[in-house]
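Coordinates in review
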Amino acid sequence: MSEPTEKDSAGDPAAARFAVLQLVRLSGALLAFAGVLIISGKVGWLPKLPEAAGYALLGAGLIDFFAAPVLIARRWKSRP
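If you're wondering where the values come from, they're calculated on a predicted model, not measured in any experiment. (Residues numbered from 1 in each chain as written. Predicted model: local features only at pLDDT ≥ 70, side-chain atom pairs only at ≥ 80, totals over all residues. Heavy atoms only, no water.)

Some thoughts on the overall build of the chain
Heads up, the condition is: In DSSP terms, a helix is any run of H or I states spanning at least four residues, a strand is any run of E spanning at least two, and both are numbered starting from the N terminus. Burial classes: relative accessible area under 20% of the type maximum marks a residue as buried, over 50% as exposed, and values in between as partly exposed (1.4 Å probe, protein chains only). Residue contacts follow a heavy-atom distance rule, with two residues in contact if any of their heavy atoms lie within 4.5 Å. Computed by Shrake-Rupley with a 1.4 Å probe, the accessible areas treat only the displayed protein chains as cover when residues are assessed.
For the chain, the helix and strand inventory stands at three helices and zero strands. Along the chain, from the amino end to the carboxyl end, the secondary structure elements read α-α-α. For the chain, the proportion of its 80 residues judged to be buried stands at 16%. The long-range fraction of contacts in the chain, counting pairs at least 24 apart against all pairs at least 6 apart in sequence, stands at 60%. A total accessible area of about 6,400 Å² is found for the chain, and carbon and sulfur atoms account for 68% of it.

Looking at the packing of aromatic side chains
The relation between two aromatic rings is expressed through the spacing of the ring centres and the mutual angle of the planes. For clarity, the cut-off: Here the aromatic set is Phe, Tyr and Trp, taking the six-membered ring for Trp, and pairing holds for ring centres within 6.5 Å; pairs whose planes are under 30 degrees apart are stacked, those over 60 apart are edge-to-face, and all others are tilted.
Going through the model one piece at a time under the given rule, you end up with one aromatic pair. With centroids separated by 4.9 Å and ring planes inclined at 85°, the aromatic side chains of F65 and F66 adopt a geometry described as edge-to-face. Judged by its relative accessible area of 30%, F65 is partly exposed. Note on F66: relative accessible area 56%, which makes it exposed.

Quick look at helix α2 (residues 13-40)
Rule in force here: Multiply 1.5 Å by the residue count of a helix minus one, and that product is the helix's expected span.
Over its 28 residues, α2 runs 41 Å from end to end, which matches the ideal 40 Å to within 8%, given 1.5 Å per residue. Where α2 is concerned, the buried positions are L21, V24, G28, A32, G35, L37 and I38. In this fold, the buried residues of α2 make contact with α3 (51-76). Of the residues trailing α2, G41 is marked for its positive phi of about 65°.

Some details on a nonpolar patch on the surface
So the rule is basically this: Patch membership needs two things, relative accessible area over 30% and no salt bridge, and members are linked within 9 Å if like-charged or within 5 Å if nonpolar (Val, Leu, Ile, Met, Phe, Trp, Tyr). Salt bridges, as used here, are contacts in which a Lys or Arg side-chain nitrogen is within 4 Å of a carboxyl oxygen on Asp or Glu.
On the surface, L23, L26 and L30 cluster together into a nonpolar patch covering about 310 Å² of accessible area. Tracing the backbone shows L23 in helix α2. A relative accessible area of 57% places L23 in the exposed class.

What follows is the structure, given as structure tokens:
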């Protein structure tokens, strides 16, 4: 079986869009996780931030995880 060439992966816009959607979801999950860590205040290596910052990160992460991919996919949807 031959390995995919750089031209094959670069020529497929659906694969690139899928990768972007997954990266947006991953960034949302990481933001939400960081928010939960800040809210808990039990992580020694994390600088002491106000609890409100944790809630802001948690909210931004949840929006980034759930709403952003849907909005991006709707924007990219083909017109009939």
